[in-house]
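Listed below, chain by chain, are the residues.
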Amino acid sequence: MPLDGLYGRIIMDHYRHPRNRALVAAPDIHARELNPFCGDLAEVQMKLDAAGRVAHVGVQAEGCSIIQASASMMGEALAGKTPAELEALAARFRDWLQGRSPEGAADVPEGLQALQVVRQHPVRLKCVLLPWVALEEGVLAFLRRRAGEH
Ligand code: ZN
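Residues numbered from 1 in each chain as written. Predicted model: local features only at pLDDT ≥ 70, side-chain atom pairs only at ≥ 80, totals over all residues. Heavy atoms only, no water.

Peer 1: Looking at this structure, how should I read the environment of R16?
Peer 2: Take R16: it is sitting in helix α1 (residues 5-16). A residue is classified by how much of its surface remains accessible, and R16, at 58% relative accessible area, is exposed. On a C-alpha basis, the gap between R16 and A106 in space is 27 Å, while along the polypeptide they are 90 residues apart. (Helix = DSSP H or I, 4+ residues; strand = E, 2+ residues; numbered from the N terminus. Buried < 20%, exposed > 50% of the residue type's maximum accessible area, 1.4 Å probe, protein only.)

What follows is the structure in structure tokens.
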């Protein structure tokens with residue numbers, strides 16, 4: 001897909017220099033998602049601090065440039081958030097990407113907005129969203145585990 005302009009350059013920069021690639025040891029939140037149709041793979045780990053906020057983030061993705069860039073950009077948006085805030089961010093991002101968010105661009109952090117170029121390539125929406133699916137699954141499993149502990 002053609003990726004030019006400012007947003008295209010931001011995406012290619014994340015693809016070539018992915019952030020937060022290092023694995024997080026003993027993560028509190030962890031999930032891995034595979035798209036069996038194209039082989040795209042996304043994995044996320046997060047360690048929470050004593051206040052229950054994300055202190056360390058690891059994201060790894062394999063596949064096309066879009067999923068790798070999306071994973072890298074997502075990883076930069078997670079630090080300092082509580083599990084509930086992560087869920088809310090993922091939901092807002094999904095709505096925004098699919099053009100369904102009431103507030104438009106104001107609903108997602110600036111660092112994610114370059115991903116809107118994918119709207120012109122709807123077949124790639126799954127690529128962008130896979131790391132976010134992993135994030136949501138990881139948070140859900142964490143919340144279930146925590147609820148079970150009480
Ligand atoms: Zn892909």
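Moving on from the model shown.
Peer 1: Teacher, can you tell me more about the pairing of strand β2 (residues 41-48) here?
Peer 2: Within a regular strand, the side chains alternate between the two sheet faces. Within β2, seven of the eight residues are buried, which leaves the element mostly enclosed by the surrounding structure. Here strand β1 (residues 29-34) runs beside β2; their pairing, made up of six bridges, is antiparallel. From the neighbouring strand, H30 faces β2, where its bridge partner is Q45. Connecting the antiparallel pair β1 and β2 is a turn made up of six residues, with G39 showing a positive phi of about 85°. Inspection of the sheet shows β2 paired to strand β3 (residues 54-62) by eight bridges, in the antiparallel sense. Note that in β3 the partner of L41 across the bridge is E62. Between β2 and β3, which pair antiparallel in sequence order, lie five residues; one of them, G52, sits at a positive phi of approximately 80°. (Pairing = 2+ DSSP bridges.)

Peer 1: How should α1 be read in this particular structure?
Peer 2: Each α-helix turn comprises 3.6 residues. Residues three or four places apart therefore point the same way. Its 12 residues give α1 an end-to-end C-alpha distance of 16 Å, which sits within 8% of 16 Å, the value for a rise of 1.5 Å per residue. Those residues of α1 that fall on the buried side of the exposure criterion are G8, I11, M12 and H14. Relative to the axis of α1, the buried residues are bounded by an arc of 160° and lie together on one face. Relative to its buried face, α1 has exposed residues pointing more than 90 degrees away, namely L6, R9 and R16. In this fold, the buried residues of α1 make contact with α2 (65-75). (Expected span 1.5 Å × (residues − 1). Arc of directions from axis to C-beta. Contact = heavy atoms within 4.5 Å.)

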